[in-house]
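Structural features, examined
Here are the chains, one letter per residue:
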Amino acid sequence: AKFGGYLEVFQAIKQGAQEAVQAIKEIDDAIVDLQIASGESYENVRQMVTGWNSMAKSLGSSTVEVLKASDTWLRQGKSVSEANELIQQSMVLSKLGQIDSDDASTYLTAMINGFHVATDEVSSLNDAISSIDMSSAVDAAGLAEATSRVAASADLAGVSLERLLGYEAAIGEASQESMSVIGNSLKTVFQKLGSIKAGNLELIDEDGTVTTLSDVETVFKNIGIPLRDSINEFRDYGDILDDLAAKWSNLSSVQQSAVSQVAAGTFQANRFKLLMENYDKALEYEQIALGADGTAAAKFEDAYLNSIEAKTKSLQAAFEGLSTNLISRDSINGVLEAT
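Residues numbered from 1 in each chain as written. Predicted model: local features only at pLDDT ≥ 70, side-chain atom pairs only at ≥ 80, totals over all residues. Heavy atoms only, no water.

Comments concerning the overall build of the protein
The helix and strand inventory of the protein stands at 17 helices and two strands. Its C-alpha atoms give the protein a radius of gyration of 26 Å, more than 25% over the compact-globule value 20 Å for 339 residues. Expressed as a percentage of its 339 residues, the buried residues of the protein come to 46%. Once local pairs closer than 6 in sequence are excluded, the contacts in the protein between residues at least 24 apart make up 66%. (Helix = DSSP H or I, 4+ residues; strand = E, 2+ residues; numbered from the N terminus. Rg over C-alpha atoms; globule rule 2.2 N^0.38 Å. Buried < 20%, exposed > 50% of the residue type's maximum accessible area, 1.4 Å probe, protein only. Contact = heavy atoms within 4.5 Å.)

So, in structure tokens, the structure goes:
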């Protein structure tokens, strides 16, 4: 009986040691990646990791998850203080959207660059996404992915983040398609307008169909919607779509098809029609997003941080911190070299 008891103790020690070594290895791999990204020494990065371990515990995340997010931001040349703010927003989106932290960082990067969002305003992106996630039949992960695909094109077309999220949610609810497909669809539509704004006389659709600029303007002019504010200035696409939605129900099916064809192309015409038919819903979601200040932080604190997953991740982060403090990389390397 004594021997059996001792054996269980030794097995527990062995398992704990193996888990500790594995945790140290994963963190060491992340430190090396961060060294390459930041150009800092191993010891400097290790000191930063100590702070990120504390952040991980407070955010209900593992240290490795936080390090993956930090790698994305440091590789973009962000300072440590900027990276710390962005890491927190990555973790909020990651947990609310149930996606990997590096994917969350990638999506936020595209949105930040596309809409030219300052570091201290990034929380507003999560607020807008979270508010529509709570109000619609589309989730935060899908909205984030779709928006990341179309952000730059939407901004060039004069469509705001909140309006874009409304468009995505309205089409997503009506079609029940993948949000990545919807993001690419809207990207195609906005890029077409971008070609018009650039003065391209010929517009080539995804299927190779060539439409002339004059044809597009003629179709819209025939239903009483101008594309230009003046001879040399095109209107923002959001304003054009507002005017079109107001007239949509009064257009014949032939006119609706013609407008959808020139505005979105053959492959995206049906999704464009869905947007027009659900435009009121899109505007409703836009207003929800505009009034979403603090939504993501509140949802994260009230829902996620009180979950079993958050407590488990915090415990994991504590174990990772303990392991790296008790066992050094040099001691493991020494054992490996000796072996």
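Brief notes about the nonpolar core
Counting residues in each nonpolar core, the largest one holds 91 residues, and the members touching the most others are Trp-52, Phe-190, Phe-220, Tyr-237 and Leu-244. Sequence-distant contacts of Trp-52, that is, excluding residues within four places in its chain, are made with Leu-34, Val-66, Leu-67, Ser-70, Leu-74, Asn-84 and Ile-87. (Core = buried A, V, L, I, M, F, W, Y, C linked by side-chain atoms within 4.5 Å.)

So, the layout of surface pockets
Here the largest pocket defines a volume of roughly 220 Å³. Lining the largest pocket are 19 residues, and of these Ile-27, Arg-46, Val-49, Thr-50 and Thr-324 sit closest to its centre. Secondary-structure elements contributing two or more residues to the lining of the largest pocket are helix H1 (2–38), helix H2 (42–59) and helix H16 (308–326). A total of seven residues in the lining of the largest pocket trace back to one element, the largest contributor, which is H2. Class assignment for the residues of the lining of the largest pocket results in six nonpolar, eight polar and five charged. (1 Å grid on protein atoms, 1.4 Å probe; cavity = no way out; pocket = protein on both sides within 12 Å on 5 of 7 lines; lining within 4 Å. Points joined across faces, edges and corners; volume = space filled by probe spheres on them. Nonpolar A, V, L, I, M, F, W, Y, C, P; charged D, E, K, R; others polar.)

Some thoughts on the pattern of salt bridges
Under the defined criterion, the tally for this structure stands at twelve salt bridges. Residue Lys-95 pairs with Glu-65 through a salt bridge whose shortest N-O separation is 3.1 Å. Of this pair, Lys-95 sits in helix H4 (residues 80–97) while Glu-65 sits in helix H3 (residues 63–74), placing them 30 residues apart in sequence. The residues Lys-95 and Glu-65 share a single accessibility class, namely buried. (Salt bridge = Lys/Arg side-chain N within 4 Å of Asp/Glu carboxyl O.)

A look at the environment of Ala-83
Secondary-structure assignment places Ala-83 in helix H4. Considering only alpha carbons, one finds Ala-83 and Asp-139, 56 residues apart in sequence, at a separation of 26 Å. Discounting chain neighbours no more than four positions away, the residues touching Ala-83 are Trp-73, Leu-74 and Lys-78.

Considering helix H14 (residues 279–290)
Here H14 is twelve residues long and its end C-alpha atoms lie 17 Å apart, about the 16 Å a rise of 1.5 Å per residue gives. Among all positions of H14, only Tyr-279, Ala-282, Tyr-285, Glu-286 and Ala-289 are buried. End-on, the buried residues of H14 take up no more than an arc of 115 degrees, which puts them together on one face. Facing away from the buried side of H14, by more than 90 degrees, are the exposed residues Asp-280 and Gln-287. Buried residues along H14 sit in contact with helix H6 (123–135), helix H8 (161–175), helix H11 (237–248) and helix H13 (269–277). (Expected span 1.5 Å × (residues − 1). Arc of directions from axis to C-beta.)

A closer look at the packing of aromatic side chains
Under the counting rule described, the total for this entry stands at three aromatic pairs. Ring centres of Tyr-167 and Tyr-279 lie 5.7 Å apart, and the angle between their planes is 40 degrees; on these two criteria the pair is classed as tilted. Here Tyr-279 lies in helix H14 and Tyr-167 lies in helix H8, a separation of 112 residues in the sequence. When the centroid spacing of 5.4 Å and the interplanar angle of 25 degrees are considered together, the rings of Phe-300 and Tyr-304 count as stacked. Of the two residues, Phe-300 and Tyr-304 both sit in helix H15 (residues 295–304), four residues apart, roughly one turn of that helix. Given the relative accessible area of 5%, Phe-300 is considered buried. (Phe/Tyr/Trp six-rings, centres within 6.5 Å; stacked < 30°, edge-to-face > 60°.)

Section: H4
An ideal rise of 1.5 Å per residue puts 26 Å on 18 residues; H4 measures up with 25 Å between its terminal C-alpha atoms. When we look at burial in H4, the residues that qualify are Ala-83, Leu-86, Ile-87, Gln-89, Ser-90, Met-91, Val-92, Leu-93, Ser-94, Lys-95, Leu-96 and Gly-97. Looking one or two residues beyond H4, the residue adopting positive phi is Gln-98, at roughly 55 degrees.

A short note on the confidence of the model for the protein
For the protein, the mean per-residue pLDDT works out to 86, and 92% of the residues sit at or above 70. Ranking the elements of the protein by mean pLDDT puts strand E1 (residues 202–204) last with 52 and H14 first with 96. (pLDDT = per-residue confidence, 0-100.)

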